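Residue-level listing of the chains:
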Amino acid sequence: FPSTVNEMIAYVLAGAAFIVSIIGFYNYFTKNVQKNFYRNDLVYAVLALVIGIVLLIKKASIMELIPIVLGAFIIISGVKKLQNALDLIRLKQNGWKSILTLSIINTVFGIVLLCNASAALDVIARLIGVGLVFSGGSDLFSFIWVTKQAEKYSNPLDDNEELLEIDDTEEH
């Protein structure tokens, strides 16, 4: 089962690269050259095409990089939560301990994933699944909590602005 998931991931990434390539070729050949000089659409299209082909040919090798890349993204997610927790502390708001705890767990999980990237792909696939579910769930919780706390501090008007009174009587 994990090998099937790994192949599907390679095919999805290759498909995405091919779609980016098609869009790049389309943009290059349909846009006005005089208005879009130095846009590099052709370069990006060819690069995306090559990446798609490499993903299909070397899918077994590419699959070994996925835990490393995902581990890095999970660590980045954890550091973002850390920043949110520190922002809540600076704003003297509640809930920062929960966000900080999620941040630590998220970051540690990403580090474990990076350190064990050479383990069997089926174990990695399970770790990736658990890590992504946790990261997504904790991102959602963190986003909702921080947004609610930030709403307390957002004021649609500056302190110096005043409401404009609009006279809606018609002039005849």
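Look above for the structure.
Computed from a predicted structure; not experimentally measured.

(A) Quick peek at the pattern of salt bridges. Considering all chains together, one arrives at two salt bridges under this definition. For lysine 81, the salt bridge goes to aspartate 139, with nearest N and O atoms at 2.5 Å. Here aspartate 139 lies in helix H5 (residues 121-151) and lysine 81 lies in helix H3 (residues 59-90), a separation of 58 residues in the sequence. Judged by its relative accessible area of 1%, lysine 81 is buried. For aspartate 139, a relative accessible area of 34% puts it in the partly exposed group. The partner of arginine 90 in a salt bridge is aspartate 87, with the nearest N and O atoms 3.9 Å apart. Of the two residues, arginine 90 and aspartate 87 are both situated in helix H3; the distance of three residues between them amounts to about one turn of the helix. When its relative accessible area of 30% is taken as the criterion, aspartate 87 is described as partly exposed.

(B) Summary view of the packing of aromatic side chains. Going through the model one piece at a time under the given rule, you end up with one aromatic pair. Taking the centre distance of 4.9 Å and the plane angle of 80° together, the rings of tyrosine 28 and phenylalanine 29 count as edge-to-face. Given a relative accessible area of 61%, phenylalanine 29 falls into the exposed group.

(C) A nonpolar patch on the surface, seen in detail. Residues Leu65, Ile68, Val69, Phe73, Ile76 and Leu114 make up a contiguous nonpolar surface patch of roughly 520 Å² in combined accessible area. Considering every element that reaches the nonpolar patch, the biggest residue donor is H3, with five residues. With respect to the helices and strands, leucine 114 occurs in helix H4 (residues 96-115). Using a relative accessible area of 32% as the deciding quantity, one classes leucine 114 as partly exposed.

(D) A look at the side chain of asparagine 106. Tracing the backbone through its elements, the reader meets asparagine 106 in helix H4. Those residues within four positions of asparagine 106 in sequence are excluded, and the remaining contacts are Ile74, Ser77, Gly78, Lys81, Phe134, Ser135 and Ser138.

How each quantity is defined
- Residues numbered from 1 in each chain as written.
- Predicted model: local features only at pLDDT ≥ 70, side-chain atom pairs only at ≥ 80, totals over all residues.
- Heavy atoms only, no water.
- Salt bridge = Lys/Arg side-chain N within 4 Å of Asp/Glu carboxyl O.
- Helix = DSSP H or I, 4+ residues; strand = E, 2+ residues; numbered from the N terminus.
- Buried < 20%, exposed > 50% of the residue type's maximum accessible area, 1.4 Å probe, protein only.
- Phe/Tyr/Trp six-rings, centres within 6.5 Å; stacked < 30°, edge-to-face > 60°.
- Patch = residues over 30% accessible without salt bridge, like charges linked within 9 Å, V, L, I, M, F, W, Y side chains within 5 Å.
- Areas by Shrake-Rupley, 256 points an atom, 1.4 Å probe, with all protein chains shown as cover.
- Contact = heavy atoms within 4.5 Å.

None of the figures reported here should be taken as evidence of function without further support.
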